[in-house]
Amino acid sequence: QVQLVESGGGLVQAGDSLRLSCAASGRTFSRYAMGWFRQPPGKEREFVAAISASGGSTSYSGSVKGRFTISRDNAKNTVYLQMNSLKPDDTAVYYCAAPKKDIFTLATAPGRYDYWGQGTQVTVSS
């Protein structure tokens, strides 16, 4: 089974930056797209960003586009989420996710992903 472990969350002030990391193991990482999702307190899990297996294609939600950047280092089996200009509304538990098979049109629905990390908390104060 694929295992995903997120790290890099923390407590920051509005306007600050964080870089989240997701380390993957259990299969050939470079063959699969990866996604980032988040779940604010009391709300549903929502799409943040996704990246193709090669890293050549990316997709972002409208709320983070221009502020967040998803990237990957296949040599390190790691996907990243660089978060700049953080806002209080970005406060959530952030999860990385992977599908059982590659997704060629990058999916935004959580149900399209099969493997999930435990999440890392990001808290942005005003």
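I will try to describe carefully the structure that is included in this document. (Residues numbered from 1 in each chain as written. Predicted model: local features only at pLDDT ≥ 70, side-chain atom pairs only at ≥ 80, totals over all residues. Heavy atoms only, no water.)

To continue, consider the side chain of T120. Examined against the element boundaries, T120 turns out to sit in strand β11 (residues 120-125). For T120, a relative accessible area of 10% puts it in the buried group. In this structure the side chain of T120 is engaged in a polar contact, spanning 3.1 Å, whose partner is the backbone nitrogen of G9. Those residues in contact with T120, other than ones at most four positions away along the chain, are E6, S7, G8, G9, L20, A92, V93 and Y94. (Helix = DSSP H or I, 4+ residues; strand = E, 2+ residues; numbered from the N terminus. Buried < 20%, exposed > 50% of the residue type's maximum accessible area, 1.4 Å probe, protein only. Polar contact = N/O pair within 3.5 Å; in protein donor to acceptor, adjacent residues only side chain to side chain. Contact = heavy atoms within 4.5 Å.)

Following the criterion strictly, the structure yields one disulfide and no others. Disulfide partner of C22: C96, at an S-S distance of 1.9 Å. Torsion about the S-S bond of the C22 and C96 cystine: about 55°, corresponding to right-handed handedness. Of the two residues, C22 sits in strand β3 (residues 18-25) while C96 sits in strand β9 (residues 92-98), which places them 74 residues apart along the sequence. The residues C22 and C96 share a single accessibility class, namely buried. (Disulfide = S-S within 2.5 Å.)

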